[in-house]
Amino acid sequence: MNLDDLNVAQRQAVERTEGPVLILAGAGSGKTKVLTTRISYLVEDKNVNPGNILAITFTNKAANEMRERVDKIIGDNSRDMWISTFHSCCVRILRKDINKIGYNRSFVIYDSSDQATLIKECMKELDINDKKFDHKMIISKISSAKDKLMDPKEFARQAGSDFLLKKIAEVYAVYQERLKRSSALDFDDLIVKTVELLKSSEDVLEFYRNKFKYIMVDEYQDTSRAQYELIKMLAMGHQNICVVGDDDQSIYGWRGADIRNILEFERDYDDVFVVKLEQNYRSTQIILDTANHLIANNIERKKKRLWSEKKDGEKVQVKLLKNEVEEANFVVNEIYENSIKTGRPFSEYAVLYRANAQARAVEDALNKFQIPYNIYGGTKFYERKEIKDLLAFLRVIVNPQDDISVKRIINIPRRGIGLKTIEKLEDRASMMKESLYSVLLDVDNNSDISTKAKKGINEFLDMVGLLRALNEVYKPSELIEKVLDVTGYKSELEFQVKKNENMQNGKAEEAQDRIDNLMEFISIAIEYETGVLNSGEEKNLEEFLSGISLSSDIDDEDNDSIDKVSLMTMHSSKGLEFPVVFIVGMEENIFPIARAIHSMSDAEIEEERRLCYVGITRAMKELYLTYTVSRVLYGKPNVNKKSRFLGELPDETVEILDSPVKPVEFAGANYSLIAKYADKYKNSMNLESAKSIGAKIKKEKDYDAMNVACGEGAGYDSYDSSKIPRLKKGSVVRHPKFGDGVVVSKLGADVTIAFNSKGIKKINLEYNTIEVKKY
DNA sequence: CCATTTTTTATTTTT
DNA sequence: TAAAAAATGG
């Protein structure tokens, strides 16, 4: 096999096939290339049977990409290889043998919202409604317990006498019981139960240890303790385990990723061969220097330094704007001008942010400029109501024990089964420790249920019976059509469209959208069927459903080729790259994000810093970082200091774009003063409070709040209909780039200005901020 | 039982 | 602000 286009380190990583190998792969250092080459090398040069190879990734996208690339090198040989995500690998193992630990092999997979519903039910059953017990908090505690392979008993033991933890332990126990009764596993269970299976059955463990003679794990820094344990069990015999990761890109600690897994890999295995991939093929040296300098502030890390052969490049641009609207306008204008200047398609630009809510302002600006964009994240296809309803029907067909799904659809379409009836049924189910469905089957012998409800329940049972019979005959896609038909779900939506057609309430469009989504779902099913046909596997509804549960978003391949700007959180940008990257919202409390009440621990700050590192290293050629004076948060304007991360960047690689005002520095400087008046506003201050504090400081009420917060009556102007009239012919202005000038003429937001140094220029105030001299 | 109004509460989310 | 949860009224 030809390894000529690998560098020395990459080559070492490929050729060291035996024993434990740790590849520390910096951002953009070609780790996917190394992994795919290594897999191919094993097969082609080392004559390893493809069936003996297991390659694990975290996302379907990564798994698909890896398989594709391996396919390209070694052709159809890759078929017997397991290249999959942790979760789908576990599903495959569990479908075969989960009965050995007392579960039903046709289990369903509960997603996070099913999980939330079930947790709430468990809390109700235990009479826990105190406001102190937030179901989300309980979910995350249980989830992190599972990440550590802690079962309810162990959890209760560790809770000791702590009241809160004891209560959570109770919920955890009931929750697991209910899951089992429903033949359901949540995402975490997929890992936990696989470990349990391997621990309890010597045969199964032996089988997979023999099968997977070579194991590779991608994104190792993101593995949880449970995943670590799983891999360790499988790799124990032959020790041919190769993990790839970058501790600096560990950004999922809050989701159970244990950074110790990678930091302590060398301690866990004997004679570990460590390779560092430090040559970056993605970014300019300027961008790498910026990222290196920032991440050097983290203490808990393996030292490494990325370098690139691309020595020249643009400096990182840092820009302060007045608020999130102007920030977005600046970004979009910059994209627009840059694309005209360089001829880059819009797909080469990305706007990254800390929280999804920040996308809105950017979206508005892009719409105003009529620039096409793609938002990643947000509401996912499979989380839409109509899709969830349909999925619930399908899940009940496969597994009527699934209480959560039964409850979801029992009254769709309406059959007079209300909350009261369901409550009675549930009580009975939990009393008898049986599933809801078996209580339904016995409804005629149940005296507390009204005749009307009984009738409805029997209708429901008949319908499910019919659909289950149809499932024996039809393919998934055809069955879906039957479901939509038999349940009347589709005709109900069609009726909604008709009914609201002539009203301007948007309901017709909404119903039509839902129909379209359902049709889209059918084509996904058809796609699945043809895909399965080619691979020669079984094509049943069960497999189709687990596939769907395990795929987060539809990876729309042709969507990538469409010329659109990408908007996403920094979390979802991991693994991607763009020639031009904007990171918006570089402010304290936004990024690093503020956590409720308590201040952040060092470890949390370090994770935020790693996230910033991930964001920066997405950029290939140009990088912009923006922050604002004030920003509307939860409906109220807030003033934040600029992000500490900006201060951690090296001076040499950063260019601070001239700003008309320096309010954030002022705000920073004034914090000690403000703090004197109101200590509680030290970290976060809204304009309301700034105004009153400012008034005390300045003893002058007429300053507008922002100027007070900025510490000075800067008298600056921007596009704001109420302020525009202040700009007149003859006004003296200062532009951030062009310096002082005089307004020559004004048409809408377009102002023509004669600059002392640059001559006459037309400036559009929608996306340029200029300073107006105070009268 | 169900639809509408009021109140509450705000990360990130590969599966 | 804006979405989700809870409360209320028909």
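Residues numbered from 1 in each chain as written. Chains lettered and ligands numbered in written order. Predicted model: local features only at pLDDT ≥ 70, side-chain atom pairs only at ≥ 80, totals over all residues. Heavy atoms only, no water.

The cut-off we apply is this: UniProt positions are given in the numbering used here, feature names are shortened, and annotations may be inferred rather than shown by experiment.
Going by what an unreviewed UniProt entry lists, chain A is known as ATP-dependent DNA helicase PcrA and is assigned to Peptostreptococcus porci. As recorded by UniProt, the Sequence similarities (unreviewed entry) comment attached to chain A reads in full: "Belongs to the helicase family. UvrD subfamily."

Comments concerning the sheet that holds strand S15 (residues 578–583)
Paired through backbone hydrogen bonds, the strands of a sheet run either parallel or antiparallel to each other. For clarity, the threshold we go by: At least two bridges found by DSSP between two strands are what make those strands a pair. Numbering of helices and strands runs from the N terminus, with a helix taken as a DSSP run of H or I at least four residues long and a strand as a DSSP run of E at least two residues long. Every axis in this analysis is a line fitted to C-alpha atoms, fitted for helices over the stretch in contact. Angles between the N-to-C directions lie between 0 and 180 degrees.
Strand order in the open sheet formed by seven strands is S13-S14-S12-S15-S16-S11-S19, and the pairing between neighbours is parallel. Both edges of this open sheet fall to strand S13 (373–375) and strand S19 (654–656), since each of them pairs with a single strand only. Pairwise comparison of adjacent strand axes, ignoring direction, gives a mean angle of 20° for this sheet.

Topic: the environment of Asp-71
Convention followed: Classification of residues uses two cut-offs on accessible area relative to the type maximum, computed with a 1.4 Å probe and protein chains only: under 20% is buried, over 50% is exposed, and between them is partly exposed.
Residue position: Asp-71 is located in helix H3 (residues 60–74). According to the relative accessible area criterion, Asp-71 is partly exposed, its value standing at 31%.

Overview of the nonpolar core
When a protein is soluble and globular, its nonpolar side chains tend to lie buried together. We apply this condition: Nonpolar core, defined: a set of buried Ala, Val, Leu, Ile, Met, Phe, Trp, Tyr and Cys residues in which side-chain atoms within 4.5 Å join the residues together. Note on definitions: a residue-residue contact is assigned when non-hydrogen atoms from the two residues lie within 4.5 Å.
Core analysis: the biggest nonpolar cluster contains 52 residues, and Leu-394, Leu-440, Ile-480, Phe-521 and Phe-544 have the highest contact counts within it. Beyond its immediate chain neighbours, meaning those up to four positions away, Ile-480 contacts Leu-390, Leu-394, Phe-521, Ile-522, Ala-525 and Phe-544. Membership of the second largest hydrophobic core comes to 45 residues, among which are Phe-86, Ile-215, Met-233 and Leu-234.

Quick look at the side chain of Ser-183
Among the secondary structure elements, Ser-183 is positioned in the loop between helix H8 (163–181) and strand S5 (184–186). By relative accessible area, Ser-183 is classed as buried at 6%. Beyond its immediate chain neighbours, meaning those up to four positions away, Ser-183 contacts Asn-104, Phe-107, Val-108, Asn-399 and Gln-401.

Observations regarding the sheet that holds strand S7 (residues 241–245)
Taking strand neighbours across the sheet as the criterion, the six strands line up as S3-S2-S6-S7-S1-S8 in an open arrangement whose pairing is parallel. Looking at the sheet topology across the chains shown, the edges are occupied by strand S3 (82–85) and strand S8 (273–277). Neighbour to neighbour, the strand axes of the sheet diverge by 15° on average, direction disregarded. By the bridge criterion, three bridges tie strand S6 (residues 214–217) to S7 in an arrangement that is parallel. For Ile-215, the partnering residue across the bridge sits in S7 and is Ile-241. Together, strand S2 (53–57) and S3 form the strand contacts of H3, whose direction differs from that of S3 by roughly 160°. Running over the sheet, helix H11 (residues 225–235) touches S2, S6 and S7 and is turned about 160° from S6.

Notes on the packing of helix H17 (residues 385–398) against helix H25 (residues 541–549)
As a reminder of what qualifies: Should an angle fall under 35 degrees it is called roughly parallel, over 145 degrees roughly antiparallel, and 65 to 115 degrees roughly perpendicular, with every other angle called oblique. Here a crossing is called left-handed whenever its near helix is offset anticlockwise from the far helix by less than a right angle, and right-handed whenever the offset is clockwise. Put simply, Ala, Val, Leu, Ile, Met, Phe, Trp, Tyr, Cys and Pro go in the nonpolar bin, Asp, Glu, Lys and Arg in the charged bin, and everything else, Gly too, in the polar bin.
Where H17 contacts H25, the axes come no closer than 10 Å and their chain directions differ by 135°. The pairing of H17 with H25 is recorded here as oblique in orientation. Here H17 and H25 pass one another in a crossing that is left-handed. Touching Leu-391, Leu-394, Arg-395, Ile-397 and Val-398 of H17 are Leu-541, Glu-542, Leu-545 and Ile-548, all from H25. Taken together, the residues of the contact of H17 with H25 sort by class into seven nonpolar, no polar and two charged.

Here we look at the side chain of Asn-52
Mapped onto the secondary structure, Asn-52 falls in the loop between helix H2 (31–44) and S2. Not counting residues up to four positions away in its chain, the partners in contact with Asn-52 are Asn-210, Lys-211, Phe-212, Lys-213 and Tyr-214.

Details of unusual backbone geometry
Omega for the bond connecting Phe-591 with Pro-592 falls within 30 degrees of zero, at 5°, which places this linkage in the cis form. Positive phi, normally seen in glycine, also occurs at Leu-149, with a value near 60°. Assignment of secondary structure puts Leu-149 in the loop between helix H6 (135–147) and helix H7 (152–159). For Leu-149, a relative accessible area of 28% gives the class partly exposed.

Points about the packing of helix H15 (residues 324–342) against helix H16 (residues 359–368)
Put simply, H15 and H16 touch, their axes get as near as 8 Å, and they point 50° apart. Judged by the angle between their axes, H15 and H16 are oblique. Crossing of H15 over H16 shows right-handed handedness. Between H15, through Glu-324, Ala-328, Asn-329 and Val-332, and H16, the contact on the second element is made entirely by Ala-361, Val-362, Ala-365, Leu-366 and Lys-368. Considered class by class, the residues forming the contact of H15 with H16 number six nonpolar, one polar and two charged.

Details of the protein's contact with DNA strand C
For the record, the criterion: Throughout, the term near means that a residue has one or more heavy atoms lying within 4 Å of the molecule or strand in question. What qualifies as a polar contact is a pair of N or O atoms within 3.5 Å, subject to a donor-acceptor requirement within protein and to the restriction that residues adjacent in sequence count only when both atoms come from side chains.
In the vicinity of DNA strand C, the contacting residues are Lys-120, Arg-360, Tyr-634 and Gly-635. If you look at DNA strand C and keep only atoms within 4 Å of the protein, 40% of those are sugar or phosphate atoms. Arg-360 places a polar side-chain atom, nitrogen or oxygen, 3.3 Å from a sugar or linking oxygen of DNA strand C. Grouping the amino acids of the surface near DNA strand C by side-chain chemistry returns one nonpolar, one polar and two charged.

Some words on the domain arrangement of chain A
The criterion, for reference: These domain boundaries are the output of an automatic or database domain assignment. What gets called buried area is simply the loss in accessible area from a 1.4 Å probe that two parts show on being joined, summed for both.
As far as domains go, chain A holds domain 1 (8–98 + 192–279), domain 2 (112–182), domain 3 (316–379 + 555–657), domain 4 (383–532) and domain 5 (731–774). Centre-to-centre, using C-alpha coordinates, domain 1 lies 32 Å away from domain 2. Tallying the contact residues gives ten residues for domain 1 and five residues for domain 2. Counting the surface domain 1 buries against domain 2, the share from its top three residues, Val-192, Arg-225 and Ala-226, is 53%.

Concerning the pattern of salt bridges
We count it as follows: Throughout this description, the term salt bridge denotes a Lys or Arg side-chain nitrogen within 4 Å of a carboxyl oxygen of Asp or Glu.
Under the definition given, this model contains 45 salt bridges. Residue Asp-114 is joined to Arg-395 by a salt bridge in which the shortest nitrogen-to-oxygen separation is 2.9 Å. Note that Asp-114 is positioned in helix H5 (residues 112–125) and Arg-395 in helix H17, a separation of 281 residues in sequence. Of the two residues examined, Asp-114 and Arg-395, each falls in the buried class. Lys-167 is paired through a salt bridge with Glu-170; the nearest N and O atoms lie 4.0 Å apart. You can see Lys-167 and its partner Glu-170 sitting in helix H8, three residues apart, about one turn around the helix. Judged by relative accessible area, which is 35%, Glu-170 ranks as partly exposed. Taken together, the shared-partner salt bridges in this structure form one network comprising Glu-121, Glu-125, Arg-178, Asp-403, Lys-407 and Glu-426.

Remarks on the packing of aromatic side chains
What counts is decided by this rule: Pairing of aromatic rings covers Phe, Tyr and Trp, the last through its six-membered ring, and needs centres within 6.5 Å; plane angles under 30 degrees mean stacked, over 60 mean edge-to-face, and all others mean tilted. Geometrically, a charge over a ring is one whose NZ (Lys) or CZ (Arg) sits within 6 Å of the ring centre while staying within 35 degrees of the ring normal.
For the structure shown, the criterion picks out 16 aromatic pairs. Between Tyr-208 and Phe-212, the ring centres sit 5.8 Å apart and the planes meet at 20°, which makes this aromatic pair stacked. Since its relative accessible area comes to 0%, Phe-212 is described here as buried. Each ring, one from Tyr-528 and one from Phe-544, has its centre 5.0 Å from the other, and the planes form 45°; the classification is tilted. Of this pair, Tyr-528 sits in helix H24 (residues 507–535) while Phe-544 sits in helix H25, and the two are 16 residues apart along the sequence. Looking at Tyr-528, the relative accessible area reads 18%, which means it is buried. What links up through ring pairs into an aromatic cluster is the set Trp-82, Phe-207, Tyr-208 and Phe-212. Above the plane of the ring of Phe-207 lies Lys-96, whose end atom (NZ or CZ) is 4.2 Å from the centre. One residue, Arg-225, lies across the ring of Tyr-228, its end atom 4.5 Å from the ring centre.

Some details on the pairing of strand S16 (residues 619–628)
In terms of residue burial, S16 counts as a mostly covered element, since eight of its ten residues are buried. Relative to S16, strand S11 (residues 316–321) is paired through five bridges, and the arrangement is parallel. When the sheet's bridge partners are listed, Lys-319 is paired in S16 with Thr-626. Here five bridges tie S15 to S16, and the two strands are oriented parallel to one another. Paired with Phe-582 across the two strands is Tyr-624, which belongs to S16.

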